[in-house]
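So you can see what is in the structure, the chains are spelled out below.
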Amino acid sequence: MDQNLLNEICLRQLTLSGVHEGETLAVLSEGAERLDYADAFLYAARRLGASAFHMRLPMPGAGSGAWAVGQSELGGNPRAVEALKQADMLIDLKFLLFSKEQFAIQDAGTRILTVVEPAPLLARLMPTPELRERVEVGAELLAKAGTMRITSPAGTDVTYRLGVYPTMSEYGYTDQPGRWDHWPAAFVFTGGADDGVDGTIVLSPGDVLLPFNTYVQTPVTLTIEKGFITDIRGGLDADLLSSYIKSFDDPRGYGMSHVGWGLDERAHWHGLTQFPGGMGMELRSFYGNVMFSIGPNNELGGPNDTPCHFDIPMRGCSLFLDDEPVVLDGDVVIPEMRPAARRNA
């Protein structure tokens, strides 16, 4: 994307996020990655009258090749963390989520926005106040629920006992102290009780395995008992999923994490074929997907901080809160969560 266009979409983003004169914006990057994004956010902050600085971390050393969440070069650099805690807003171009350093920065009152997706996707899925309103309706509904049940024609039938962990919303910008969000994003989620997820999940062709950034090709059957996956069966996709989890040598990698649904009608299920190089935020957000996660729940305040993490958006599922339908066969049925063009459809 042309730098001038990137500057302008970052200006729109910071305007939505309430950046103003007298505030300080920090931009965090790693190595040579996304330096054009860093320049764009620094430009946008100046346009809005805010102070800004760019902190550039060294690239990490060679590792296992696995996507180990919660690990950061900030971990051994407390002075850098302290500097970021002094900012009003942090643009995270590196991906700090699940790390102790991110939690410490948020606890200091700094709001954080993660931005790692390709620039054309950022532009197409620019957040809006209307989308935020619909996401917040979903979050309010989810926060009141005691149980969630997910079913599918393929055989999924799993129940989450809710009420232990908070409900979280992502709508692509953040204007509240200490709040984190991710651009682009449009979904709501919570977590089941640590021992309160039971049933069967059957992944169907076309469901998505993140961070593999691939589509399921053959059915995978997961058996869940008391919050942990106890069996993974199927063909190649099941073998890959199982092998990846085993590679962390951490039984907590089988724990069930957050769960929720997507609400952005502009997001494409086929997005992985259009924008390689991102981390699949479009797939987490597409309208009517039901996404469950495996691994850490410390983002919600839980005890599981394993670095092994999967997000798995599924198509064509139904989701019920306290036996009331929210998503039916991949379509959101609560009018206030539907985009205006679909409310009378």
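Residues numbered from 1 in each chain as written. Predicted model: local features only at pLDDT ≥ 70, side-chain atom pairs only at ≥ 80, totals over all residues. Heavy atoms only, no water.

Per an unreviewed UniProt entry, the chain goes by the name Leucyl aminopeptidase and belongs to Actinomadura vinacea.

Caption draft 1: Representation of the nonpolar core within the structure. With 49 residues, the main nonpolar core has M148, I150, Y160, W261 and F292 as its most contacted residues. Listed in part, the 26 residues of the second largest apolar core include L84, A87, L96 and F98. (Core = buried A, V, L, I, M, F, W, Y, C linked by side-chain atoms within 4.5 Å. Buried < 20%, exposed > 50% of the residue type's maximum accessible area, 1.4 Å probe, protein only.)

Caption draft 2: Looking closely at the sheet that holds strand β14 (residues 228-234). If you walk across this open sheet you meet the eight strands as β14-β13-β10-β6-β5-β18-β19-β20, and the pairing is antiparallel. Edge strands, defined here as strands with exactly one partner in the open sheet, are β14 and β20 (331-332). Examined bridge by bridge, strand β5 (residues 147-151) and strand β6 (residues 157-161) share five bridges and lie antiparallel to one another. Residue pairing across strands places T147 opposite R161, the latter belonging to β6. Contacting β13 (220-225) and β14, helix α7 (residues 236-246) crosses the sheet at an angle of about 145° to β14. (Pairing = 2+ DSSP bridges. Helix = DSSP H or I, 4+ residues; strand = E, 2+ residues; numbered from the N terminus. Contact = heavy atoms within 4.5 Å. Axes fitted to C-alpha atoms, helices over the stretch in contact; angles between N-to-C directions.)

Caption draft 3: Summary view of the sheet that holds strand β17 (residues 310-314). Taken in spatial order, the five strands make up an open sheet running β7-β9-β15-β16-β17, and their pairing is antiparallel. A single partner strand is all that each edge strand has here, and the edge strands are β7 (168-170) and β17. Neighbour to neighbour, the strand axes of the sheet diverge by 20° on average, direction disregarded. Packed on one face of the sheet, helix α6 (residues 129-143) meets β7, β9 (187-191) and β15 (256-262) and runs near 20° to β9.

Caption draft 4: Layout of the packing of aromatic side chains. Under the counting rule described, the total for this entry stands at eight aromatic pairs. On the basis of an interplanar angle of 70° and a centroid distance of 5.2 Å, the ring pair of Y171 and Y173 is categorised as edge-to-face. The same class applies to Y171 as to Y173, namely buried. Between F212 and Y244, the aromatic rings sit 5.3 Å apart at their centres with planes inclined by 90°, giving edge-to-face as the arrangement. Of this pair, F212 sits in the loop between β11 (208-209) and β12 (214-215) while Y244 sits in helix α7, placing them 32 residues apart in sequence. Judged by its relative accessible area of 25%, F212 is partly exposed. Judged by its relative accessible area of 13%, Y244 is buried. Taken together, the ring pairs in this structure connect F212, Y244, F248 and F310 into an aromatic cluster. Note that R315 overlies the ring of W269, its terminal NZ or CZ placed 4.0 Å from the centroid. (Phe/Tyr/Trp six-rings, centres within 6.5 Å; stacked < 30°, edge-to-face > 60°. Lys NZ or Arg CZ within 6 Å of the ring centre and 35° of its normal.)

Caption draft 5: Just the environment of S242, in detail. Inspection of the secondary structure assignment puts S242 in helix α7. Looking at S242, the relative accessible area reads 16%, which means it is buried. For the pair formed by S242 and Y254, sequence separation is 12 residues and the distance between their alpha carbons is 9.4 Å. Leave out the neighbours within four places in its chain, and S242 touches I232 and Y254.

Caption draft 6: Up close: the packing of helix α3 (residues 78-85) against helix α4 (residues 100-107). Here α3 crosses α4 at 35°, and the two axes come no closer than 9 Å. Viewed along their axes, α3 and α4 form a crossing whose handedness is right-handed. Between α3 and α4, the contacting residues are V81, L84 and K85 on the first element and E101, A104 and I105 on the second. (Left-handed = near helix turned anticlockwise from the far one by under 90°.)

Caption draft 7: A look at the pattern of salt bridges. Within this structure, the stated rule accounts for 20 salt bridges. For R124, the salt bridge identified is with E282, shortest N-O distance 2.5 Å. Of the two residues, R124 sits in helix α5 (residues 119-124) while E282 sits in helix α8 (residues 281-285), which places them 158 residues apart along the sequence. Where salt bridges share partners, they join E130, R134 and E265 into one cluster. (Salt bridge = Lys/Arg side-chain N within 4 Å of Asp/Glu carboxyl O.)

Caption draft 8: Summary view of the environment of S285. Within the element layout of this structure, S285 appears in helix α8. Ignoring any residue separated from it by four or fewer positions in sequence, one finds S285 in contact with P184, A185, A186, F187, G262, L263, D264 and A267. Among the polar contacts listed, one links the side chain of S285 to the backbone oxygen of M281, at a separation of 3.0 Å. (Polar contact = N/O pair within 3.5 Å; in protein donor to acceptor, adjacent residues only side chain to side chain.)

Caption draft 9: Geometry of the packing of helix α1 (residues 3-16) against helix α2 (residues 35-47). As a packed pair, α1 and α2 sit with axes 8 Å apart at the nearest point and diverge in direction by 55°. In terms of orientation, α1 lies oblique with respect to α2. Between α1 and α2 lies a crossing whose hand is right-handed. Contacts between α1 and α2 involve Q3, L6, N7, E8, C10, L11, Q13 and L14 on the former and, on the latter, D36, Y37, D39, A40, F41, Y43, A44, A45 and R47. Looking at the contact of α1 with α2 residue by residue, the classes come out as 10 nonpolar, three polar and four charged. (Parallel < 35°, antiparallel > 145°, perpendicular 65-115°, else oblique. Nonpolar A, V, L, I, M, F, W, Y, C, P; charged D, E, K, R; others polar.)

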